[in-house]
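Residue-level structure breakdown
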Amino acid sequence: MLFRSQMRWFGSIMSVELCGGVEEARALTKGLRLVRNSVTLGGPDTLISHSATSTHLSVPADVKAATGISDSLLRVSVGLESARDVIADFAQALK
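In this report, we go over the structure that sits alongside the text. The structure presented is a predicted model; accordingly, all values stated were derived computationally and were not measured. (Residues numbered from 1 in each chain as written. Predicted model: local features only at pLDDT ≥ 70, side-chain atom pairs only at ≥ 80, totals over all residues. Heavy atoms only, no water.)

**Here we look at the sheet that holds strand β4 (residues 73-78)**
Strand pairing in a sheet is mediated by backbone hydrogen bonds. Such pairs are either parallel or antiparallel. Sheet architecture is open: 4 strands sit in the order β1-β4-β3-β2, paired in mixed fashion. Whereas interior strands pair on both sides, the edge strands pair on one side only; in this sheet they are β1 (12-17) and β2 (36-37). In the packing of helix α2 (residues 22-31) onto the sheet, contacts are made with β2, β3 (47-49) and β4, and the angle to β4 comes to roughly 25°. (Pairing = 2+ DSSP bridges. Helix = DSSP H or I, 4+ residues; strand = E, 2+ residues; numbered from the N terminus. Contact = heavy atoms within 4.5 Å. Axes fitted to C-alpha atoms, helices over the stretch in contact; angles between N-to-C directions.)

**Observations concerning the pairing of β4**
Note: β1 against β4, 6 bridges, orientation antiparallel. Bridged to Met14 within β4 is Val76. In this sheet, β4 lies alongside β3 in antiparallel orientation, the contact comprising 3 bridges. Across the sheet, the residue bridging to Leu47 is Ser77, located in β4.

As structure tokens, then:
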């Protein structure tokens, strides 16, 4: 893999879908302490984005549905923090 030869440390991007809708997604993003809410997913920090109310806010509902952007979809860019710290932040925010 090319990135392994170019970088010593690197993150990854993942998508998660919660069981609830917009309210649950917003509650999770507001409950995070370490992970920051952002519309862009670049940088060394762990970031989270709620696409339906940020990057895809102006996209019609039928187009969102056709492309898999649900009201409960969150995208997470995993940064350089300790995995233990990121996991702990999500655990406390999900309570």
